[in-house]
Amino acid sequence: MFQDLLSLLFPEVCHACDEPLARGEQYICTECNVRLPYTDLHLFGATELNMLQQRFWGKVPIRYAFSYLHFKPKGRVQRLLHKLKYKGAHELGEHLGRRYGSVLLDHHYAKQFDLILPVPLHRLKLRRRGYNQSDGFAKGLSEAMQVEWSNGVLMRNIDTDTQTKKSRLDRWQNVEKVFEVKLPEKVTGKRVLLVDDVLTTGATLEACAAILLESGCSEVSVVTIAAA
Ligand SMILES: [Zn+2]
């Protein structure tokens with residue numbers, strides 16, 4: 001009864017539309033769940049190249065490229081990402097990860113990966129924000145697909161987000177210095193699934209994938225919550 005009273009006074013709202021959630025709904029309301037712009041990239045055949053993979057052509061070999069949602073400005077997806085990044089909605093990332101992870105599991109992709117690694121934040125940004133928004137998504141994917149995940153393998157030496165305001169990452173001279181594999185023995189011979197929140201130019205994922213391949217992992221796939 002106390003819970004009922006609480007939810008009456010402070011109704012939980014949908015993270016995608018800010019409308020109060022109905023009983024039984026979690027994080028995202030039923031209408032948003034139906035209307036979210038899913039990419040359905042997992043429906044593309046394994047040998048077919050999808051449009052996300054093409055962004056990495058001639059740069060770094062990417063085995064599979066998945067994104068759960070299409071990014072559209074001022075819509076539900078932008079609201080979700082904003083909450084994930086700035087409103088401390090860490091559990092929302094896990095929720096999305098579990099949902100997409102079960103979709104990938106249903107389509108037999110879980111066996112394609114040995115290790116899930118979120119793209120790390122620079123330590124100063126991590127301290128400021130308190131959490132890495134990609135960790136939750138990675139954890140949720142890991143739970144649903146029963147594939148190990150770790151946020152201790154990769155390290156970010158340079159905060160490229162602040163740098164991108166001045167110059168684009170792909171114009172960087174020292175892209176390979178942005179990330180470092182702290183524990184190379186963890187990735188040797190592994191098929192890594194690299195996780196980030198949004199895919200835009202792909203430069204961040206590209207830099208991360210390149211360093212992983214240099215460190216001896218056998219192949220890299222990428223997955224993001226949304227793709228612009
Ligand atoms: Zn909603």
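Above this text you will find the structure in question.
Conventions and cut-offs
Residues numbered from 1 in each chain as written. Predicted model: local features only at pLDDT ≥ 70, side-chain atom pairs only at ≥ 80, totals over all residues. Heavy atoms only, no water. Helix = DSSP H or I, 4+ residues; strand = E, 2+ residues; numbered from the N terminus. Buried < 20%, exposed > 50% of the residue type's maximum accessible area, 1.4 Å probe, protein only. Contact = heavy atoms within 4.5 Å. Areas by Shrake-Rupley, 256 points an atom, 1.4 Å probe, with all protein chains shown as cover. Donors = N, O, S within 2.8 Å, 3.2 Å for Na, K, Ca; no water. Tetrahedral: all angles 85-135°; square planar, octahedral: opposite > 155°, others 65-115°. Core = buried A, V, L, I, M, F, W, Y, C linked by side-chain atoms within 4.5 Å. Pairing = 2+ DSSP bridges. Polar contact = N/O pair within 3.5 Å; in protein donor to acceptor, adjacent residues only side chain to side chain. Axes fitted to C-alpha atoms, helices over the stretch in contact; angles between N-to-C directions. Left-handed = near helix turned anticlockwise from the far one by under 90°. Nonpolar A, V, L, I, M, F, W, Y, C, P; charged D, E, K, R; others polar.

Trainee: Outline the overall build of the chain, supporting the account with residue identities and numerical values.
Mentor: Each helix and strand counted, the chain has ten helices and seven strands in total. Residues counted as buried form 46% of the 228 residues belonging to the chain. Taking contacts inside the chain between residues at least 6 apart in sequence as the whole, the part at least 24 apart equals 75%. By element, 52% of the accessible surface of the chain is carried by carbon and sulfur atoms, the whole surface being about 12,000 Å².

Trainee: Lay out the coordination of the zinc ion with the relevant residues and their values.
Mentor: Every protein donor of the zinc ion is listed here as Cys14 (SG), Cys17 (SG), Cys29 (SG) and Cys32 (SG), and their distances to the metal cover 2.3 to 2.4 Å. With four donor atoms in place around the zinc ion and angles of 102 to 114° between them, the coordination shape is tetrahedral. Sequence positions of the residues that donate to the zinc ion give the spacing C-x2-C-x11-C-x2-C. With Cys14 in the loop between helix H1 (2-9) and helix H2 (30-35) and Cys29 in the loop between H1 and H2, the pair connects residues that are 15 residues apart, well separated along the chain. Each member of the pair, Cys14 as well as Cys29, is classed as buried.

Trainee: Pulling in residues and values, what's your account of the nonpolar core?
Mentor: By size, the foremost hydrophobic cluster in this structure holds 36 residues, and its most contacted members are Ile28, Leu141 and Met145. The set of elements that each furnish at least two residues to this core consists of strand S1 (65-70), helix H4 (76-86), helix H5 (90-106), helix H7 (133-145), strand S6 (191-199) and strand S7 (219-227). Residue contacts for Ile28: discarding those within four places in its chain leaves Cys14, Leu21, Asn33, Leu36, Leu80, Leu92, His95 and Leu96. If you look at the next biggest cluster of nonpolar residues, it comprises 28 residues, including Val119, Val181, Leu194 and Val220.

Trainee: Could you give an account of the pairing of S6, with specific residues and numbers?
Mentor: When you tally the buried positions in S6, you get seven out of nine residues, the bulk of the element. The pairing of strand S2 (residues 115-118) with S6 spans four bridges and is parallel. Bridging from a neighbouring strand, Leu117 pairs with Leu194 of S6. In terms of strand pairing, S6 meets S7 through eight bridges, oriented parallel. What sits directly across from Leu193, in S7, is Ser221.

Trainee: Give a detailed account of the side chain of Asn50, specifying residues and quantitative values.
Mentor: Structurally, Asn50 can be placed in the loop between H2 and helix H3 (51-54). Looking at Asn50, the relative accessible area reads 5%, which means it is buried. Of note is the side chain of Asn50, whose polar atom sits 2.9 Å from the backbone oxygen of Ala65. If near-sequence neighbours (up to four positions away) are discounted, Asn50 is found in contact with Leu41, Phe44 and Ala65.

Trainee: A description of the packing of H5 against H7 should follow, citing residues and the corresponding values.
Mentor: Their axes nearest at 6 Å, the elements H5 and H7 cross at an angle of 35°. The two elements H5 and H7 meet at a crossing, and its hand is right-handed. Along its contact with H5, which presents His90, Gly93, Glu94, Leu96, Gly97, Arg98, Tyr100, Gly101, Ser102, Leu104 and Leu105, the element H7 presents Asp135, Gly136, Phe137, Lys139, Gly140, Leu141, Glu143, Ala144 and Met145. Its residues placed into classes, the contact of H5 with H7 shows eight nonpolar, seven polar and five charged.

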